[in-house]
Amino acid sequence: MTPVGSARSVRATDTLTRDALTVLQPGFTGTTAPDWLLRRLDEGLAAVGLFGRNITDPAQLAALTAQLRDAREDVLVAIDEEGGDVTRLEVRGGSSFPGNHALGAVDDTALTRGVARELGRRLADCGVNLNWAPSADVNSNPANPVIGVRSFGADPQLVARHTAAYVEGLQSAGVAACTKHFPGHGDTAVDSHHDLPRIAADLPTLQERELVPFRAAVAAGTRAVMSAHILLPALDGDRPATLSPAALHGLLRAPAGEGGLGFDGLIVTDGMEMQAISATFGIERGSVLAVAAGADAICVGGGLADEDTVLRLRDALVRAVRDGELSEQRLADAAARVRALARWTRSAGAGEGAAPAPGIGLTAARRALRVTTAGRPYEPLTGPAHVAAFTPLANIAVGDDTPWGVGAELARLVPGTETAAYTAESAARAGTRALVDGLLAAAGGRRVVAVVRDVHRHPWMADALDALLTARPDTAVVEMGVPQAPPRGALHLATHGAARVCGQAAAETLTRHTPAHGT
């Protein structure tokens, strides 16, 4: 490998080791910090990543971050909190905020800015100061299995203005934004958690589509950008963007006058244990290549969350410098950018002065709801319903711990409502006809509400929905993914996401429930 910068005399071992620790953003298990993590913070580790497994409630999270700051006052505490389908703060109950696709559907940048500010305020109150969000991906491929409702939309200019608004709102609360997944994960049909996606777009297309929101994020002052594990032959035919000097150093860092984005903040990698990296390069080799390519921080810990992982990556970076594979100055520069971001978060005031806006998420979800009727009046639900949740396999970014749908909210408004899940496995095992016959038998005389998610991507789901609507034309359909398929059903609701508040907005419409004034 050709190192970025020339290898010079190696500094004292403790300084080199501290720099190697400084560029890591590891995770851990449990709701309190383990002893090994506190020791490594004292030795130079400068950042920690939190996931749903680390969080039970705001008070516990605040205690955890205080524990981390007792070990290192300027520690970066990062989280993957997009709102919507991807939530860690409310992983077991569903998010109080709709995700990007709902905000894009409303297309009110002031609302997006306000939602991001309130989300940032809640993070700051809990001691979190770096959010691996927003997603600036343009949803240009409807078959995308991992982005979908995490994107503001398919129009680059819409995505750009909402990405900028989100960055501004989040950072006004004292939480650093980390705009992702550079240079754009929207035109993929492969999930990089499982394999290495390849984007065939040429450079002019990237400039006119994928890069537009990232330019807006840089102009809005995003403090960090996250790289994507995607292969773009137009930039680099051999290495995914996370490991590519052409993508990071040559495109993201290059001055605007040279066709780059001129970004001078922190470059963070996506999770290095994702199969796109770990199964092709390995996490140690991948981390060395990433830093050499221009990355400043190595995100790891979603799947590998132990001390051994931290030590393996630390030692791989130190060894690469000693062997002349990685420039000592490049590692030092990366560590310096991590420390600079930590200084910014301390000076930003941790959300001081951010007025609470507790109802803004539900307001946004209600505004994002799109209602289509079949041409005749729809009678609202007044009695218990049977909710048929056609459930796709959750992608890893979303996870399967977070509840979704309308059943819980509908049962709150109409007691006695029950929900049953129907999956691709059950459709394959029983056949579509038997699945729908069983559904109708379970429903009995009750009205049916069919809840789907990206029905355009799942033939089994579309077939089951067709059969159900043929048998019961009065069925209401709630699409909680990307509403790409034509609306069907006596009533069709597109929520543009599956957050808890999206389910609440749909349930209110199904029952014609009138929200209390001011909510």
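From a predicted model like this one, the values you see are computed outputs, not experimental measurements. Every chain is numbered independently, its residues counted from 1 as its sequence is written. Local features in this predicted model are restricted to residues whose pLDDT is 70 or higher, and side-chain atom pairs enter the listing and the counts only when it is 80 or higher, whereas totals over whole chains, interfaces and linings include all residues. The basis for every side-chain value is the complete set of non-hydrogen atoms in the structure, without hydrogens or water.

S.K.: Which residues make up the overall build of the chain, and what values do they have?
M.R.: Secondary structure counts use DSSP, requiring at least four H or I residues in a row for a helix and at least two E residues in a row for a strand, with both numbered from the N terminus. Looking only at helices and strands, one finds 19 helices and 14 strands in the chain. Here the C-alpha radius of gyration of the chain, 23 Å, is about what a compact globule of 519 residues would show, namely 24 Å. Expressed along its principal axes, the backbone C-alpha trace of the chain runs to roughly 80 × 45 × 45 Å. Buried, partly exposed and exposed residues are distinguished by accessible area as a fraction of the type maximum, computed with a 1.4 Å probe on protein chains only: under 20%, between the cut-offs, and over 50%, respectively. The proportion of buried residues among the 519 residues of the chain is 59%. For the chain, the proportion of contacts with a sequence separation of at least 24, taken over those separated by at least 6, is 78%. Calculation of accessible area relied on Shrake-Rupley with a 1.4 Å probe; when residues are assessed, cover is drawn exclusively from the protein chains displayed. Within the structure as shown, the chain displays about 18,600 Å² of accessible surface, and the carbon and sulfur contribution to it stands at 51%. Within the chain, the 57 negative side-chain charges are centred at a point lying 2 Å from the centre of the 48 positive side-chain charges. Based on C-alpha atoms, the radius of gyration is set beside the globule rule, defined as 2.2 Å times the residue count to the power 0.38. Residue contacts are counted whenever heavy atoms from the two residues lie within 4.5 Å of one another. Positive charges come from Lys and Arg alone, negative charges from Asp and Glu alone, with His and the N- and C-terminal ends not counted. The atom standing in for a charge is NZ when the residue is Lys, CZ when it is Arg, CG when it is Asp and CD when it is Glu.

S.K.: Now, about the pairing of strand β6 (residues 224-227): what can you tell me, with residues and values included?
M.R.: Because side chains alternate across β6, one face comprises the buried residues Ala224 and Met226, and the other comprises Val225 and Ser227, equally buried. The pairing criterion for strands is at least two bridges between them, as found by DSSP. With three bridges connecting them, β6 and strand β7 (residues 266-268) associate as parallel partners. If you follow Val225 over to β7, its bridge partner there is Ile267. A right-handed crossover is one whose linking path, passing over the helix from the first strand to the second, runs clockwise when the strands point away from the viewer. For the handedness criterion, the β-α-β arrangement of β6, helix α9 (residues 245-252) and β7 is classed as right-handed.

S.K.: So what about the packing of aromatic side chains? Which residues, and what values?
M.R.: To pair, rings of Phe, Tyr and Trp, with the six-membered ring standing in for Trp, must have centres within 6.5 Å; the planes then decide the type, stacked if under 30 degrees apart, edge-to-face if over 60, and tilted in the middle. All told, the structure shown has five aromatic pairs when counted by the stated rule. Look at Phe182 and Phe214: their rings are 5.3 Å apart centre to centre, the planes differ by 90°, and that puts the pair in the edge-to-face class. Within this pair, whereas Phe182 is found in strand β5 (residues 176-182), its partner Phe214 is found in helix α8 (residues 211-219), the two being separated by 32 residues in sequence. With respect to class, Phe182 is no different from Phe214; both count as buried. Cluster of aromatic residues (ring-pair linked, three or more members): Phe390, Tyr422 and Trp460. The rule is short: NZ of Lys or CZ of Arg within 6 Å of the ring centre and within 35 degrees of the ring normal puts a charge over the ring. Looking at Arg453, its charged tip hangs above the ring of Trp404, at a distance of 4.6 Å from the centre.

S.K.: Just give me the short version of the nonpolar core, but keep the residues and values in it.
M.R.: By convention a nonpolar core is built from buried Ala, Val, Leu, Ile, Met, Phe, Trp, Tyr and Cys residues, the set being connected through side-chain atoms within 4.5 Å. Counting residues in hydrophobic clusters, the biggest one holds 91 residues, and the most contacted among them are Leu24, Leu50, Phe182 and Leu326. In terms of nonpolar packing, the next biggest core, distinct from the first, is built from 25 residues, Ala385, Ala490, Ala499 and Ala506 among them.

S.K.: Which residues make up the confidence of the model for the chain, and what are the values?
M.R.: Every residue is assigned a pLDDT by the predictor, reflecting its confidence on a scale from 0 to 100. With 92% of its residues at a pLDDT of 70 or more, the chain has an overall mean of 91. Confidence over residues 1-11 falls short of pLDDT 50; this stretch has 27 contacts with residues more than four positions distant or in other chains.

S.K.: Account for the sheet that holds strand β3 (residues 76-79), naming residues and giving values.
M.R.: One open sheet accounts for six strands, arranged β2-β3-β4-β5-β6-β7; its pairing is parallel. Taken across any chain shown, the strands that pair with only one partner, and hence form the sheet edges, are β2 (47-50) and β7. In the sheet, β2 pairs with β3 via four bridges, with the strands oriented parallel. Note that in β3 the partner of Gly49 across the bridge is Ala78.

S.K.: An account of helix α19 (residues 500-511) is requested, with residue identities and associated values reported.
M.R.: Along an α-helix, a turn takes 3.6 residues, which lines up residues three or four apart on a common side. For α19, spanning 12 residues, the distance from its first C-alpha to its last is 17 Å, which sits close to the expected 16 Å at 1.5 Å a residue. Where burial is concerned, most of α19 is hidden: 10 out of the 12 residues are buried. Looking only at α19, the buried set comprises Val501, Cys502, Gly503, Gln504, Ala505, Ala506, Ala507, Glu508, Leu510 and Thr511. One less than the number of residues in a helix, times 1.5 Å, gives the span that helix is expected to have.

S.K.: Could you give me a rundown of the environment of Trp460, with the residues and numbers involved?
M.R.: Residue position: Trp460 is located in helix α18 (residues 459-471). Between the alpha carbons of Trp460 and Arg429 there is a distance of 12 Å; along the sequence they are 31 residues apart. Leaving out residues up to four positions away in the same chain, Trp460 has contacts with Phe390, Thr391, Tyr422, Thr423, Ala424 and Ala427.

S.K.: Outline the pattern of salt bridges, supporting the account with residue identities and numerical values.
M.R.: The salt bridge criterion pairs a side-chain nitrogen of Lys or Arg with a carboxyl oxygen of Asp or Glu, the two atoms within 4 Å. Counting across every chain of the model gives 33 salt bridges. Note that Glu118 is salt-bridged to Arg122, the shortest N-O span being 2.9 Å. Separated by four residues within a single helix, Glu118 and Arg122 lie in helix α5 (residues 109-125), roughly one turn from each other. The class for Arg122 is partly exposed, based on a relative accessible area of 22%. Salt-bridge contacts for Arg446 lead to Glu418; the nearest nitrogen and oxygen are separated by 3.4 Å. Of this pair, Arg446 sits in the loop between α17 (432-443) and β12 (447-452) while Glu418 sits in strand β11 (residues 418-423), and the two are 28 residues apart along the sequence. Its relative accessible area of 47% is what places Glu418 among the partly exposed residues.

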